[in-house]
Amino acid sequence: MAAGGGLERSFVELSGAERERPRHFREFTVSGVGTVNAVTGAVKYSESAGGFYYVESGKLFSITRNRFIHWKTSGDTLELVEESLDINLLNNAVRLKFQNCSILPGGVYVSETQNHVIILILTNLTVHRLLLPHPSRMYRSELVTENQMQSVFTDIGKVDFRDPCNYQLIPTVPGISPNSTTSAAWLSSDGEALFALPSASGGIFVLKLPPYDIPGMVSLVELKQSSVMQRLLIGWMPTAIRGDQGPSDRPLSLAVHCVEHDAFIFALCQDHKLRMWSYKDQMCLMVADMLEYVPVNKDLRLTAGTGHKLRLAYSPSMGLYLGIYMHAPKRGQFCIFQLVSTENNRYSLDHISSLFTSQETLIDFALTSTDIWALWHDAENQTIVKYINFEHNVAGQWNPVFMQPLPEEEIVIRDDQDPREMYLQSLFTPGRFTNAALCKALQIFCRGTERNLDLSWSELKKEVTLAVESELQGSVTEYEFSQEEFRNLQQEFWCKFYACCLQYQEALSHPLALHLNPHTNMVCLLKKVRKENVMEDICSKLQEIRNPIHAIGLLIREMDYETEVEMEKGFNPAQPLNVRLNLSQLYGSSTAGYVVCRSVCKIASTRFLICRDLLILQQLLMRLGDAVILGAGQLFQAQQDLLHRTAPLLLSYYLIKWGSQCLATDVPLDTLESNLQHLSVLELTDSGALMANKFVSSPQTIVELFFQEVARKHIISHLFSQPKAPLSQTGLYWPEMITAVTNYLLQLLWPSNPGCLFLECLMGNCQYVQLQALECFSQAASEVGKEEFLDRLIRSEDGEIVSTPRLQYYDKVLRLLDVVGLPELVIQLATLAITEAGDDWKSQATLRTCIFKHHLDLGHNSQAYEALTQIPDSSRQLDCLRQLVVVLCERSQLQDLVEFPYVNLHNEVVGIIESRARAVDLMTHNYYELLYAFHIYRHNYRKVRNHFHCRCIKLQFGGEAAQAEAWAWLAANQLSSVITTKESSATDEAWRLLSTYLERYKVQNNLYHHCVINKLLSHGVPLPNWLINSYKKVDAAELLRLYLNYDLLEEAVDLVSEYVDAVLGKGHQYFGIELSQKILDKLEDYQQKVDKATRDLLYRRNL
């Protein structure tokens, strides 16, 4: 292809940290003297954004390396954020609110001096100067070894915003244009702060604040046409001759270029003319008519210009460039000029290029000495970014930037998929929705409900689930309906919330500005709520596709990251220590990690689809494979070579794509440290000293974890191990650096490459379970019945086979996962095993009960209820229902308990609650209130009135009479030493009477104990400890039988455990077991042998 007509390279948009919590802004109010009587909101300006780069941001050994500031204005509010790609900055976000003022669009300008970062701000009424310390003055040494440091905004709270030296009202002099939105501000070489505003007459007002450390006066000057002939003409010539009926020459866009002891002010005006002013001489140096460069300009000359924009770019070698955007209906034109200086302080413009575009709404554009980057927003609400080299692109063809698309509008859900799980997966898959959009949607969805929106990614997921399920349950008026009706209702509410998220994702992704750093060539797209980075991507140069086999082979070679050489580990020891420490911080911030790993995810996702399509194309070529299409002998080559090379590529990119979207498990720090100790003893790792480092601001994917923990330092050390130039002269050109870092990261992730850094990192950070355990267990299930080892593993002790071998295998694995505490994997494997159970309803019941139990333990109340409803065994289902009621009551999660639909289980749950209400003390859990809420929620007022209200009245008004009657009964039954105090109730004395009678009247087989316990359990009354202790001493077996008869499984298990301990000699006296000294000696000897064998085994394992 010709150089001027082709796409030499393309760029792709990479989102930043979308999973971070909403940024915490420290807020300050700026109240200016003289603005109190201003009408708030009288002036409405559009939102705007901008950025500032440090001069040495592209130098490898600078303290401001890869640091920049960006901001957003909206009404009276200015948000400022400092970012770094190398370290995490603390206190880096502030929000300033200017009372009774509105910030001018683009009215924020940042400069740096040797000691300060200076921010100049213009509102419609005031100007401000903020002085902040320069990063180089905040640290004693340029060598920074921490992974976090303070931002320049850390001490902004100490700034006096009303200091008259740094704040001034804009004078209300005639001529200042009240409705203008353009402005400019700069620092003079003497430290003065200057602010430029358009005047209504076409000139420019410049307000000057003296240097902050030198007393002086505020001054205001107006730059007017300095030509004597112009002044004379205006003085006496009639307006018809002067042509005053034409458009005003009021500036639409201002820009400033500072030179030694002067500043050139450029104004692009409504009359389509560009004017250049000297501030020092206060005169107009040049006027140029831009319509001379517009091919069709007749209509434009008769109308005032709107939408024109002006940008400057300075190159020490090439001089000053001016970029002019001329707006016209349904079209636009960029004109690029170079400023030329002639004798006698005269200037002219050298026209370099004119570039045309059919896009209408230009939001912003940035200019360098070689390129134009432009940002549009089209009629369909789509963001368009393109760039072009204005010197060498003869054909005028713009290069596209592939933008991050909005998530899909509809989620397709099959009948065998759970709507909630599918919507949650789409909402919380990394790279789709931002935390800010989800929080905003949640706030609107739960209207009228106050919620804490400072949430982590996992907390937000729980809140979203709770909110949608609560809305769903609140809409249910019937207490019985079919599963299909419930599923349809569930899908309706999740679809509603998803649509809300889409709406805010689109709104908050609205672009405001482009920010380009000419020192590193990094381009940032500034949006309403987040910063986006644009990076260079590979654009394959396929000249032609006359030879498809050759073209496919070229693509495969471009996409293959397989290498036989392992990357060097660690920094070059020959480099000085300060150099190695400095390099170790490069791209170490969370922001850089997100951007690099999003790049990997983008590449892997795109190339996975390419490989898929290549496989399909190759199959088609094989079917059509005659000599006309493939040529002689190429069919065999395609079959043997290309297919075998494409398939591994497809699998490799799928794995990397999955790792880029799989969130790492959050592991406690003590668990990480323990794991690393085990690995160090085993000497398994090859990646050097792993450290338990958990400085993470938001959940990471496992690829992000790998990059931050291990890969980044290996990649940086490799990049700078053999530099082409001295490191002190090395610049950080962002497109080259991000492309190189991404390529090396892909090499380290590539499955077939030598080295195991990725796997070792996952092991060291306890991420091996989700990668391997479940997948390995699932694959091994197919070998049951074929492998002798597996058959031995699942064989029961008595040799009895109670179910199919594969179900026995699943049962063993589920027990193992349960023991090591992995409930999520238990649920996944049990769900998989259900398909194996088929029509075996007993196994189905066991597996679904297992799923219910672990969902309930994890707090997944809705999933637990759903699993409960699918248990085919009514007895197990009733046990689980009873457990659900008790657990949710203990957790005080009564809303869930009340709002579950209980399809075909309504009477059972009412019976359980009534039974608990009778058995449990009202001061512990008031189940009667739960019954009341349960019936009210279902509008069952008859039940409330007849069943519950009467009971409450009886309890309320029959209390004293019942107590008096009880005391009289106790006295009549001759209980000795009746205690009638406030501390002892009639109930307490009744229990004492029962205890006395059981001790006094003893019968064979302790029949009275059996009758009393049976009666109490039949009424759901919990047994007092004294009764349990007395009965287990005489007949523990019968007590166990009673527990089992009344489904008291936990109590039964505890009793059996205690009994086993008693037989072994621990607590035998509580069961009336007498052990001889001989037996005790044998038990002690046995325990000593077991202890010795255990120690020997552990010693051998540690060898």
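Residues numbered from 1 in each chain as written. Predicted model: local features only at pLDDT ≥ 70, side-chain atom pairs only at ≥ 80, totals over all residues. Heavy atoms only, no water.

**Quick look at the overall build of the protein chain**
Put simply, the rule is: Comment: elements are numbered from the N terminus, with helices defined as DSSP H or I runs of at least four residues and strands as E runs of at least two. Contact definition: two residues touch when any of their heavy atoms are within 4.5 Å.
In terms of regular secondary structure, the protein chain is built from 33 helices and 31 strands. Look at the contacts in the protein chain between residues 6 or more apart in sequence, and 62% of them connect residues 24 or more apart.

**Focus: the nonpolar core**
This is how the line gets drawn: Here, nonpolar core means buried Ala, Val, Leu, Ile, Met, Phe, Trp, Tyr and Cys residues that are tied together by side-chain atoms lying within 4.5 Å of each other. Per-residue accessibility, obtained with a 1.4 Å probe over protein chains only, is compared with the maximum for each type, and a residue is labelled buried under 20%, exposed over 50%, and partly exposed between these values.
Counting 62 residues, the largest nonpolar core has Tyr 587, Tyr 653, Phe 706 and Leu 745 as its most contacted members. If you tally residues by element for this core, the top one is helix 11 (residues 590–624), at 11 residues. If sequence neighbours within four positions are ignored, Tyr 587 has contacts with Asn 66, Leu 85, Asp 86, Ala 592, Phe 707, Arg 712, Ile 716, Trp 734, Met 737 and Val 741. One finds Ala 781, Leu 814, Ala 833 and Phe 852 within the second-largest nonpolar core, a separate group that totals 53 residues.

**What about the side chain of His 1009?**
Topologically, His 1009 is positioned in helix 30 (residues 1007–1018). Residue classification places His 1009 among the buried residues on the basis of a relative accessible area of 10%. What His 1009 contacts, discounting residues up to four positions off in sequence, is Leu 998, Leu 1027, Ser 1030 and Tyr 1031.

**So, the packing of helix 21 (residues 841–857) against helix 22 (residues 861–869)**
Filter applied, for reference: Note on geometry: axes are C-alpha line fits, over the in-contact stretch for helices, and angles between N-to-C directions span 0 to 180 degrees. Angle categories are assigned with fixed cut-offs, so that under 35 degrees is roughly parallel, over 145 is roughly antiparallel, 65 to 115 is roughly perpendicular, and the rest are oblique. Rotating anticlockwise by less than a right angle from the far helix to the near helix defines a left-handed crossing, while the corresponding clockwise rotation defines a right-handed one. Three residue categories are used. Nonpolar comprises Ala, Val, Leu, Ile, Met, Phe, Trp, Tyr, Cys and Pro, charged comprises Asp, Glu, Lys and Arg, and polar comprises the others, including Gly.
One can describe the packing of helix 21 onto helix 22 by two numbers: an axis separation of 8 Å at closest approach and a directional angle of 165 degrees. The angle between helix 21 and helix 22 places the two elements in the roughly antiparallel class. Helix 21 and helix 22 meet at a crossing whose hand is left-handed. Of the residues in helix 22, those touching helix 21 at Arg 848, Ile 851, Phe 852, His 855 and Leu 856 are Asn 861, Gln 863, Ala 864, Ala 867 and Leu 868. Each residue belonging to the contact of helix 21 with helix 22 can be placed in one class, and the counts come to six nonpolar, three polar and one charged.

**Describing a nonpolar patch on the surface**
Basically, it comes down to this: Like-charged residues within 9 Å of one another, or nonpolar side chains (Val, Leu, Ile, Met, Phe, Trp, Tyr) within 5 Å, are grouped into patches, provided each residue has over 30% relative accessible area and no salt bridge. Per-residue and other accessible areas were derived by the Shrake-Rupley procedure at a 1.4 Å probe size, with only the shown protein chains allowed to occlude residues. Each salt bridge in this description consists of a side-chain nitrogen of Lys or Arg and a carboxyl oxygen of Asp or Glu lying within 4 Å of one another.
Taken together, Tyr 1001, Val 1003, Leu 1007 and Tyr 1008 make up a surface patch of nonpolar side chains, about 370 Å² in accessible area. In this fold, Val 1003 is placed in the loop between helix 29 (986–1000) and helix 30. We classify Val 1003 as partly exposed; its relative accessible area is 30%.

**Considering the packing of aromatic side chains**
In this description, an aromatic ring pair is defined by two values, namely the gap between the centres and the angle between the planes. The following threshold applies: Centres within 6.5 Å make a pair out of two Phe, Tyr or Trp rings, where for Trp the six-membered ring is used; the pair is then stacked when the planes are under 30 degrees apart, edge-to-face when over 60, and tilted otherwise.
Evaluated as defined, the whole model comprises 32 aromatic pairs. On the basis of an interplanar angle of 85 degrees and a centroid distance of 5.1 Å, the ring pair of Phe 11 and Tyr 387 is categorised as edge-to-face. Within this pair, whereas Phe 11 is found in strand 1 (residues 10–15), its partner Tyr 387 is found in strand 27 (residues 383–389), the two being separated by 376 residues in sequence. Where Phe 608 meets Tyr 654, the ring centres are 5.7 Å apart and the plane angle is 50 degrees; that geometry is what we call tilted. Taken together, the positions of Phe 608 in helix 11 and Tyr 654 in helix 12 (residues 634–661) put the pair 46 residues apart, joining distant regions of the chain.

**Section: the sheet that holds strand 17 (residues 251–259)**
So the rule is basically this: At least two bridges found by DSSP between two strands is the condition for calling them paired.
The strand order across the open sheet built from four strands is 17-18-19-20, with neighbouring strands paired in antiparallel fashion. The outermost strands of the open sheet, each flanked by one partner alone, are strand 17 and strand 20 (283–289). Here the strands of the sheet are splayed against their neighbours by 20 degrees on average, with no regard to which way each runs. Alignment of strand 19 (residues 273–278) against strand 20, held across six bridges, turns out to be antiparallel. The partner of Met 276 across the bridge, within strand 20, is Met 286.

**Digging into helix 31 (residues 1025–1045)**
An α-helical turn contains 3.6 residues, so any two residues separated by three or four positions project in the same direction. Using the following cut-off: A helix is expected to span 1.5 Å multiplied by its residue count minus one. Two axes are fitted around each residue, one to the seven residues ending there and one to the seven starting there, and the angle between them is reported as the bend at that residue.
End to end, helix 31 covers just 19 Å across 21 residues, shorter than the expected 30 Å (1.5 Å per residue, more than 12% under). At Asp 1035, helix 31 shows its largest kink, close to 120 degrees. Just past helix 31, the residue Asp 1047 takes up positive phi, approximately 60 degrees.

**Details of the pairing of strand 8 (residues 103–112)**
Across the 10 residues that make up strand 8, a large majority, eight, are buried. Both strand 8 and strand 9 (residues 116–123) contribute to a ladder of six bridges, which runs antiparallel. Opposite Val 108, over in strand 9, you have Ile 121 as the bridge partner.

**Brief notes about the environment of Ser 874**
If you trace the backbone, Ser 874 turns up in helix 23 (residues 874–890). The spacing of Ser 874 and Ala 845 is 29 residues in sequence and 9.1 Å in space, taken between C-alpha atoms.

**With respect to unusual backbone geometry**
Note: most peptide bonds trans; most residues except glycine with negative phi. In this structure, Asn 66 is a non-glycine residue whose phi angle is positive, near 55 degrees. Within the secondary structure layout, Asn 66 lies in the loop between strand 3 (48–53) and strand 4 (67–74). With phi around 60 degrees, Asp 1047 is a residue other than glycine that occupies positive phi space. As for its position among the elements, Asp 1047 is in the loop between helix 31 and helix 32 (1049–1063).

**Focus on a negative patch on the surface**
As a reminder, the rule being used: Positive: Lys, Arg. Negative: Asp, Glu. His and the chain ends are not part of the count. Note on charges: their place is set at NZ of Lys, CZ of Arg, CG of Asp or CD of Glu.
Together, Glu 890, Glu 1050, Glu 1051 and Asp 1054 line one region of the surface with negative charge. Residue contributions to the negative patch peak at three residues, all from helix 32. With respect to the helices and strands, Glu 890 occurs in helix 23. Taking the relative accessible area as the measure of exposure, Glu 890 reaches 54% and is therefore exposed.

**Observations concerning the environment of His 644**
Looking at the secondary structure, you find His 644 in helix 12. Of the residues examined, His 644 reaches a relative accessible area of 55% and is grouped as exposed. Spatially, the C-alpha atom of His 644 lies 9.9 Å from that of Leu 615, the residues being 29 residues apart in sequence.

**What to know about the sheet that holds strand 24 (residues 346–357)**
Taken in spatial order, the four strands of this open sheet run 21-22-23-24, and their pairing is antiparallel. Where the open sheet ends on each side, the last strands, each with one partner, are strand 21 (309–315) and strand 24. Geometrically, the sheet is characterised by an average inter-axis angle of 25 degrees between neighbouring strands, direction not taken into account. Pairing of strand 22 (residues 319–328) with strand 23 (residues 331–342) involves eight bridges; the strand directions are antiparallel. Among the inter-strand pairings, Ile 324 is bridged to a residue of strand 23, identified as Cys 335.

**Description of the pattern of salt bridges**
Scanning the model with the defined rule gives 25 salt bridges in all. Between Glu 13 and Lys 527 there is a salt bridge, with the nearest N and O atoms lying 3.0 Å from each other. A residue pair is termed long-range when its members are at least 10 positions apart, and Glu 13 in strand 1 and Lys 527 in strand 30 (residues 522–527) qualify at 514 residues. For Glu 13, a relative accessible area of 1% puts it in the buried group. Exposure remark for Lys 527: the relative accessible area of 8% places this residue in the buried category. With a shortest N-O distance of 3.7 Å, Arg 806 and Glu 836 are connected by a salt bridge.

**Concerning the packing of helix 5 (residues 419–428) against helix 7 (residues 457–475)**
Where helix 5 contacts helix 7, the two axes come as close as 11 Å, and the packing angle between them is 140 degrees. Relative to helix 7, helix 5 is oriented oblique. In this structure, the crossing between helix 5 and helix 7 has a hand that is right-handed. Residues Arg 420, Leu 424, Leu 427 and Phe 428 of helix 5 pack against Trp 457, Leu 460, Lys 461, Val 464, Thr 465 and Glu 469 of helix 7. Of the residues that constitute the contact of helix 5 with helix 7, the class distribution is six nonpolar, one polar and three charged.

**Regarding the confidence of the model for the protein chain**
In low-pLDDT segments, the atomic positions of the prediction should not be examined closely. Selection criterion: Values of pLDDT, ranging from 0 to 100, describe the predictor's confidence in every residue of the model.
Mean pLDDT over the protein chain stands at 80; residues scoring 70 or higher make up 79%. Predicted confidence is poor over residues 538–544, with pLDDT under 50, and the contacts of this stretch with residues over four places away or in other chains come to 15 contacts. Across residues 682–689, where pLDDT falls below 50, the model places 11 contacts with residues more than four positions away in sequence or in other chains.

**A closer look at the pairing of strand 4**
In summary, the side chains of a regular strand alternate between the two faces of the sheet. Of all eight residues that make up strand 4, seven are buried, and the element is covered over most of its length. As judged from the six bridges shared by strand 3 and strand 4, these two strands associate in the antiparallel manner. Considered in strand 4, the bridge of Ser 48 is made with Thr 73. Bridge count between strand 4 and strand 5 (residues 77–84): eight bridges; the pairing is antiparallel.

**A word on the environment of Ile 265**
By secondary structure assignment, the location of Ile 265 is in strand 18 (residues 262–269). A relative accessible area of 0% places Ile 265 in the buried class. Measuring from C-alpha to C-alpha, the distance between Ile 265 and Leu 223 comes to 10.0 Å, with 42 residues separating the pair along the chain.

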